[in-house]
Amino acid sequence: MITEILSKEVENRLKDFFTDIIDPKDMAKSIRQVNYALSLCSMRGCETLESELSNIDDNFYWLNKLAEVLDPYLDVE
């Protein structure tokens, strides 16, 4: 895993995105909704997603990690 400090430019873009475009909690909710839909489709063997299963598997993990950074939900006891 690569751990790099975000540049000020990227940090500012993220800050602007979550200030002006979407609330972090709303973004986390959206990510979880997409993950839910993709997971159901994957489990049910949707033909259009069959070729993308490995990508969905990887992205499911990373999108959930991002969602937890934006708005911890699964790690809360």
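Bear in mind that the values here come from a model prediction, so they are computed numbers and not experimental data. (Residues numbered from 1 in each chain as written. Predicted model: local features only at pLDDT ≥ 70, side-chain atom pairs only at ≥ 80, totals over all residues. Heavy atoms only, no water.)

**Quick word on the overall build of the protein**
Inference 1: Counting secondary structure elements, the protein contains three helices and zero strands.
Inference 2: Traced from its N-terminal end to its C-terminal end, the protein shows the element sequence α-α-α.
Inference 3: Put simply, the protein has 77 residues, and 16% of those count as buried.
Inference 4: Here the protein displays about 6,500 Å² of accessible surface, and carbon together with sulfur accounts for 57% of that area. (Helix = DSSP H or I, 4+ residues; strand = E, 2+ residues; numbered from the N terminus. Buried < 20%, exposed > 50% of the residue type's maximum accessible area, 1.4 Å probe, protein only. Areas by Shrake-Rupley, 256 points an atom, 1.4 Å probe, with all protein chains shown as cover.)

**Focus on the nonpolar core**
Inference 1: Within the largest apolar cluster, five residues are counted, these being Phe18, Ala28, Ile31, Ala67 and Leu70.
Inference 2: Looking at this core, the elements with two or more residues in it are α2 (24-44) and α3 (53-70).
Inference 3: Not counting residues up to four positions away in its chain, the partners in contact with Phe18 are Asp23, Pro24, Met27 and Leu70. (Core = buried A, V, L, I, M, F, W, Y, C linked by side-chain atoms within 4.5 Å. Contact = heavy atoms within 4.5 Å.)

**Points about the confidence of the model for the protein**
Inference 1: For the protein, the average pLDDT comes to 78, and 82% of its residues sit at 70 or higher.
Inference 2: Mean pLDDT in the protein bottoms out at α3, which sits at 78, and peaks at helix α1 (residues 8-21), which reaches 86. (pLDDT = per-residue confidence, 0-100.)

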